[in-house]
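# Chain and residue survey
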Amino acid sequence: MDRKAAWNAIAGEPVAELKTIFENDPDRLSALSLSKGGIRFDWSKTHLTSSLVEKFVALAEAVDFAGAREALFRGDPVNVTEGRAAEHMAERGEGNAESVARAKVLHNRMRALIDAVEAEAFGPVRHVLHVGIGGSALGPDLLIDALGRHGDRYDVAIVSNVDGTALEEAMTRFDPSATLLVVASKTFTTTETMLNAQSVINWMVEDGVEDPYGRVIALTAAPEKAMEWGVDETRILPFSESVGGRYSLWSSIGFPAAVALGWDAFENLLEGAAAMDRHFRLAEFHKNAPVLAAFADQYYARVMNCQTRAVFAYDERLRLLPSYLQQLEMESNGKSVTRDGKPVDGATAAITWGGVGTDAQHAVFQLLHQGTHVVPVEFIAAIEPGHSLDPAHHRTLLVNCFAQGAALMRGRDNAEDLARAYPGNRPSSTLLLDDVTPEILGGLIAFYEHRTFANAVLMGINPFDQFGVELGKEIAKSIEQEGPKGFDPSTMALIKLALG
C-alpha cells in the first residue's frame, strides 16, 4: 500500500461518537493505554479505534517509519535542508556511538565546571543570570521551575526577552559581585541574547566588578565566537552542531538547571529520557507511546480538520510545559513543504496552546465544552503533590482534571434549554505521572520530542529546520543598519511614530 492509499483508508473509516465507541469495545482501555517510565498514557477518550490504529500502522509502513526512525538513531543527516544529523539523543546516551562518546566528554567538562562553581573558583556565587532565547531558555526554565522550587543552591534567573524590563528585574534582585553570567546561544550571534549579555557586563562594570568577563560561562556550538566576545576557552561549554536549539536542554544548554538542581538530578533527567528513547525505538507501533500519540494528532489535524491542540497541566510545577511545547511542536512541524521540497498535501502541525488547571477551567473551558470548535485536549497530572498542605488541595485538583475529561466526552442533553446543553463527543487524552521527578520529567519531554518526530515522518516533512523564523529577523536587522526603506505605508508609519 502506498502513502496516498493508506491516507484514503484512514479518511474512509466511519466515525462514531466516543460514548458509542466505548460501548462497542470492552477492551478499549487496555488497547489504548500503557504505562512507561512512571507515566500512564491514556488515549481511550480519543476517536482512535483498533481498526484506525491498524490503518495508521499501514501508513507508517508505507512511509517507512521504521527506516526513518533508525536513520535518526544512527545519526544520519535527517535534517535534509541543512545536511545535518539530529543528535539530541546522543546527549542522553542513545544513538551513534561516536556521538554518544563525544557528548559524554562534554558532559564531564560541564560537571567539572559546576564543581568549580561550587568550590567558589569564581568567588562566592549566589546568583546565576542565564540569558538565551528560544530553545536556549525554554528548556532550562521549564526544568528549574518544575524541579527546583524548593531548592536553595543558587538563585537562578532565566532571561530571554530583549525587552529590558525582564533583564532589569533580575539585575535589581541580584548582587553583581556574586552573580555568574551564563550566555546561551548556539551561534553566539543571536541579537537579543548578545544585547542582554552586554547589558549584564555593563551592569557589572558599573558596580566595580574587576573582571566581568571572568564571571561569564558560554554555552554554544560556536566556541570561537564566544572567545571573540571575550570568554576564556576554559569557561566555554560547547555542544554539537547536530543538536538543534529546541532539542538542546540535554546538552550544555542545561547548565543552569544542573547548577540549580545538582548533577545527580541532571543525570536522572538524562536517564529518564534515555529510557523513553529505547521505548520509542523498540516498542511495536500499537504499544508505542509517541507513535500512538502521533496517530491521534494526525487523525484530528488531517481527518477531523482540528486546527488546534490544547495542553493543560493540572500541576503548578508543569505550568511552563505548554510554552515549551509550543516551540517544540510548532517550530518543528509548522511547515508547508515536504522533505523533498514539494507542497504538503494536508494540514501539518496543529496550533499548540494551553494553560494550567484549575485556572484554565475558569477561562477557556467554556469554549472547549460548548463552542463551535472541536479541540483535542491533553490533560497532564501527577499522583504525588508538589506541596505539604492539606491533601484536599491535591484531591480537588485531580478530581477536576478527571472530571473535565469525562465531561468533554459525555456531554449532557438539554432540549428545553440549549444554553445549558453540552454536545459531548469532545476528545481528550491523559498523561498521569507518578510524580514530578527528574527521571519522569526527562521521559515526558523525550516523549514529546519523539511524538513530534513521529508526526513529521507521517506527514513527510523535516522537523529539524526552522527557516520560518529568519525573515522577520532579517528585516529587523535591515531597519537597524540601513533605516526604514521600501516598506509598506503601515510599517513606515509605525516606525516613524515609535522611533522617529
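Residues numbered from 1 in each chain as written. Predicted model: local features only at pLDDT ≥ 70, side-chain atom pairs only at ≥ 80, totals over all residues. Heavy atoms only, no water.

Turning our attention to empty space enclosed by the protein. Evaluation of the coordinates by the stated rule reveals five cavities of 30 Å³ or more. Taken as a whole, the largest cavity encloses approximately 290 Å³ of empty space. Taken together, 26 residues line the largest cavity, and the ones lying closest to its centre are Asp-297, Arg-309, Ala-350, Arg-451 and Asn-455. Those elements that place two or more of their residues in the lining of the largest cavity are α13 (289-303), β8 (308-314), α14 (321-333), β10 (377-382), β11 (428-433) and α17 (438-459). Element by element, the count of residues in the lining of the largest cavity is highest for α13, at five residues. Grouping the constituent residues of the lining of the largest cavity by class yields eleven nonpolar, ten polar and five charged. (1 Å grid on protein atoms, 1.4 Å probe; cavity = no way out; pocket = protein on both sides within 12 Å on 5 of 7 lines; lining within 4 Å. Points joined across faces, edges and corners; volume = space filled by probe spheres on them. Helix = DSSP H or I, 4+ residues; strand = E, 2+ residues; numbered from the N terminus. Nonpolar A, V, L, I, M, F, W, Y, C, P; charged D, E, K, R; others polar.)

What follows deals with the side chain of Arg-246. With respect to the helices, strands and loops of the structure, Arg-246 is situated in the loop between β7 (236-238) and α11 (255-261). Judged by its relative accessible area of 4%, Arg-246 falls in the buried class. Within the structure, Arg-246 has its side chain in polar contact with the backbone oxygen of Asp-465 (distance 3.2 Å). Residues in contact with Arg-246, not counting those within four places in the same chain, are Gly-135, Tyr-324, Gln-327, Leu-328, Glu-331, Ser-332, Pro-463, Phe-464, Asp-465 and Gln-466. (Buried < 20%, exposed > 50% of the residue type's maximum accessible area, 1.4 Å probe, protein only. Polar contact = N/O pair within 3.5 Å; in protein donor to acceptor, adjacent residues only side chain to side chain. Contact = heavy atoms within 4.5 Å.)

On to unusual backbone geometry. Residue Gly-357 is joined to Thr-358 through a cis peptide bond whose omega torsion reads 10°. One can find Thr-358 in the loop between β9 (351-356) and α15 (365-370). Backbone geometry at Glu-120 places phi at a positive 65°, although glycine is not the residue there. Note that Glu-120 resides in the loop between α6 (97-118) and β3 (127-131).

Moving on, we come to the packing of helix α5 (residues 65-74) against α17. In the contact formed by α5 and α17, the axes pass within 10 Å of each other and the chain directions differ by 130°. With respect to each other, α5 and α17 are oriented oblique. As for the relative orientation of α5 and α17, their crossing is right-handed in sense. Two secondary-structure elements touch here, α5 through Phe-65, Ala-68, Arg-69, Leu-72 and Phe-73 and α17 through His-450, Phe-453, Ala-454, Val-457 and Leu-458. Residues belonging to the contact of α5 with α17 are distributed by class as follows: eight nonpolar, one polar and one charged. (Axes fitted to C-alpha atoms, helices over the stretch in contact; angles between N-to-C directions. Parallel < 35°, antiparallel > 145°, perpendicular 65-115°, else oblique. Left-handed = near helix turned anticlockwise from the far one by under 90°.)

Here we come to the sheet that holds β7. If you walk across this open sheet you meet the five strands as β4-β3-β5-β6-β7, and the pairing is parallel. In this open sheet, the two strands that pair with only one neighbour each are β4 (155-159) and β7. Taken pair by pair, the neighbouring strands of this sheet meet at an average axis angle of 15°, ignoring direction. Taken together, the five bridges between β3 and β4 define a ladder with parallel strand orientation. Residue pairing for β4: Leu-129 is matched across the bridge by Ala-157. Packing of α6 onto the sheet brings it into contact with β5 (179-184), β6 (216-220) and β7, and relative to β7 it is tilted by some 155°. Each of β3, β4 and β5 touches helix α7 (residues 135-147); the most contacted strand, β4, lies at about 145° to it. (Pairing = 2+ DSSP bridges.)

A few words on the sheet that holds β8. Taken in spatial order, the six strands of this open sheet run β1-β2-β11-β10-β8-β9, and their pairing is mixed. Strands at the two margins of the open sheet, each flanked by one partner only, are β1 (33-36) and β9. The sheet shows a mean angle of 15° between the axes of neighbouring strands, direction not considered. Note: β8 against β9, six bridges, orientation parallel. Residue pairing for β9: Phe-312 is matched across the bridge by Gly-355. Where α14 meets the sheet, it contacts β8, β9 and β10, and its direction lies at approximately 170° from that of β9.

Once that is clear, we can look at the layout of surface pockets. Looking at the largest pocket, its volume works out to about 1,100 Å³. Forming the boundary of the largest pocket are 40 residues, of which Thr-187, Thr-190, Val-469, Glu-470 and Lys-473 lie nearest the centre. Secondary structure elements with two or more residues in the lining of the largest pocket: α7, α9 (191-206), α14 and α18 (470-482). The dominant element in the lining of the largest pocket, judged by the number of residues it contributes, is α18, at seven residues. Volume-wise, the second largest pocket comes out at about 450 Å³. Along the wall of the second largest pocket there are 19 residues; nearest its centre are Asp-315, Glu-316, Arg-317, Gly-386 and His-387. Among the elements of the structure, α7 and α16 (391-410) are those that each provide at least two residues to the lining of the second largest pocket. Counting residues per element, the lining of the second largest pocket draws most heavily on α16, which supplies three residues. When the residues that make up the lining of the second largest pocket are grouped by side-chain class, the tally is seven nonpolar, seven polar and five charged.

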